[in-house]
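Residue strings, one per chain:
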Amino acid sequence: MGIDKELIDKLLADYKGPEDLIGEQGLLKQLTKALVERAMHAELTHHLGYEKNDSGGKGSGNSRNGTSTKTLKGDFGEAVIEVPRDRNGTFEPKIVPRHQRRFSGFDDKILSMYARGMTTREIQGHLQEIYGVEVSPSLISEVTDAVIEEVKAWQTRPLEPLYPILFLDALMVKMRHEGRVENRAVYVAIGIDLDGRKDVLGLWTSANEGAKFWLQVLTELRNRGVKDIFIACVDGLKGFPQAIESVFPQAQVQLCIVHLVRASLNYVGWKERKQVAQDLKSVYRAATEEQARREMAAFAERWNPKYPTIAALWQRNWERVIPFFAFPAEIRKIIYTTNAVESLNMSLRKALKTRVAFPSEEAALKVMYLALRNLIAKWESPLHWKAALNQFTLLWEDRIQIVTRA
């Protein structure tokens, strides 16, 4: 719908600066108030079936009955609006429902700030500074608590029957549990489906990261519809491979290169991290297992005098490092890519770092879910996915057919 330019010129006739447009008593706020009130009067006319002062309304059994006031919060700040009423009390405004006191989109702004790690006090300050709106901590909690049911539905949603690659990870988060603040592990599962779509399959919490709990997580994934996994990339937790193989016996367990590189760099000074990471890349990007052994020996010769722990770490986990050398290059590139795991961890830690500790497990999951929702929307399929899918089909076509036909 076009807007009359002459009308705009008339509205802006006394305009001198931004304050006249977006200030506390600016034109946008006045227009919002006027348009909302006008829309509600139009809704009431439609509800009653006749215009104001129309003689046709006599004897209709219902009529206009003045107005009541309501303070509405929104991008424009706070505005007191006049809500029309009918005598029978049957009129329900649609543009601003009876119990709604926040304009459409306002709650989304609170959720967006919450997902980016802002505390309740920071959200209050931001809304006051930008929009001139005062909100209480209880209002922010009310808005964010509305996400809890969404989290529960997301956590129990059906999953794809086959994920060629599954990344399993955990990070520690401080939260209150049974009356005391403690570090608890939050488990994360990232799946890549046959179409190359990445998705977080769920979040789970426990007192610490353990193979026994991972067994429960994997069993839940199976109960939600996952029938097969080709490759599971995990950290070096003892007993983890056995937990995976007990639920998905055909899965190939691969030690996650991301975890191993990250653990290695923990021992390295900042100035040398880049070079150490580059030398480790020569190991896990070798063409064959034999070449990888030679590169590992060269790495140890160069860095053992200063960082002997790194080579020992790789050698201790070597049997779980080498399985992917049996795969074609197209599959290897997907397995050792850092994008999925690293971008997820970075986004979650950014959202979590402003909190010293969460008051409950539910509060922590709420923040993490909102952060994930923003992140997942931006994810793209891994590079070289089509080439990798061709290789998966050559290697395990029978397994793909069994799952897709079921």
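Our structure's up above, just so we're on the same page.
Novice: Help me out: how do you make sense of the overall build of the chain in this one?
Specialist: Along the backbone of the chain there are 18 helices and seven strands. For the chain, whose C-alpha radius of gyration is 29 Å, the value lies well above the compact-globule estimate of 22 Å for 406 residues. If one aligns the C-alpha atoms of the chain with their principal axes, the spans along those axes are about 95 × 55 × 50 Å. Burial analysis of the chain (406 residues in total) assigns 45% to the buried set. Looking at the chain as shown, the accessible area adds up to about 22,200 Å², and 51% of this sits on carbon and sulfur atoms. On the chain, the mean spot of the 57 positive side-chain charges and the mean spot of the 51 negative ones are 3 Å from each other.

Novice: Before we go on, may I ask you to explain the sheet that holds strand β4 (residues 180–192) in this structure?
Specialist: Strand pairing in a sheet takes place through backbone hydrogen bonds and is either antiparallel or parallel in direction. Within the open sheet, the five strands sit side by side as β5-β4-β3-β6-β7. Their pairing is mixed. Pairing within the sheet leaves two strands with one partner each, and these edge strands are β5 (198–206) and β7 (252–255). The mean angle between the axes of side-by-side strands here comes to 25°, regardless of whether they run parallel or antiparallel. Looking at chain direction, strand β3 (residues 162–177) and strand β6 (residues 228–234) are connected through five bridges and run parallel.

Novice: Would you mind going over unusual backbone geometry with me for this structure?
Specialist: For residues other than glycine, phi is negative in most cases, and the peptide bonds are mostly trans. Even without being a glycine, Glu178 presents a positive backbone phi close to 55°. Along the chain, Glu178 turns up in the loop between β3 and β4. Exposure remark for Glu178: the relative accessible area of 74% places this residue in the exposed category.

Novice: Looking at this structure, I do not really get the pattern of salt bridges. What am I missing?
Specialist: Two side chains of opposite charge can pair, provided their charged atoms sit close to one another. Going through the model one piece at a time under the given rule, you end up with 13 salt bridges. The partner of Glu150 in a salt bridge is Arg373, and the shortest N-O contact between them spans 2.8 Å. Here Arg373 lies in helix α17 (residues 361–376) and Glu150 lies in helix α7 (residues 148–155), a separation of 223 residues in the sequence. Residue Glu150 is classed as partly exposed on the basis of its relative accessible area of 33%. As a salt-bridge pair, Arg399 and Asp228 come within 2.8 Å of each other at their nearest N and O atoms. Of this pair, Arg399 sits in helix α18 (residues 385–405) while Asp228 sits in strand β6, and the two are 171 residues apart along the sequence. With respect to class, Arg399 is no different from Asp228; both count as buried. Put simply, Arg180, Glu182 and Arg184 are held in one network by salt bridges that share partners.

Novice: Just to check I follow, could you spell out helix α13 (residues 308–316) for this structure?
Specialist: Residues that lie three or four places apart on an α-helix share one face, since the helix turns once every 3.6 residues. Inspection of α13 places Ile310, Ala311, Leu313 and Trp314 among the buried residues, and these make up the whole buried set. All buried residues of α13 project into a common sector of 155° when viewed along the axis, lining one side.

Novice: I tried to follow the side chain of Asp228 on my own but got confused; where do I start?
Specialist: Exposure remark for Asp228: the relative accessible area of 6% places this residue in the buried category. In this view, Asp228 contacts Pro161, Leu162, Tyr163, Phe248, Gln250, Arg399 and Val403; residues no more than four positions away in its chain are not counted.

Rules behind the numbers
Residues numbered from 1 in each chain as written. Predicted model: local features only at pLDDT ≥ 70, side-chain atom pairs only at ≥ 80, totals over all residues. Heavy atoms only, no water. Helix = DSSP H or I, 4+ residues; strand = E, 2+ residues; numbered from the N terminus. Rg over C-alpha atoms; globule rule 2.2 N^0.38 Å. Buried < 20%, exposed > 50% of the residue type's maximum accessible area, 1.4 Å probe, protein only. Areas by Shrake-Rupley, 256 points an atom, 1.4 Å probe, with all protein chains shown as cover. Lys, Arg positive; Asp, Glu negative; His and termini not counted. Charge placed at Lys NZ, Arg CZ, Asp CG, Glu CD. Pairing = 2+ DSSP bridges. Axes fitted to C-alpha atoms, helices over the stretch in contact; angles between N-to-C directions. Salt bridge = Lys/Arg side-chain N within 4 Å of Asp/Glu carboxyl O. Arc of directions from axis to C-beta. Contact = heavy atoms within 4.5 Å.

Without other data, these values stay purely geometric and don't point to any function.
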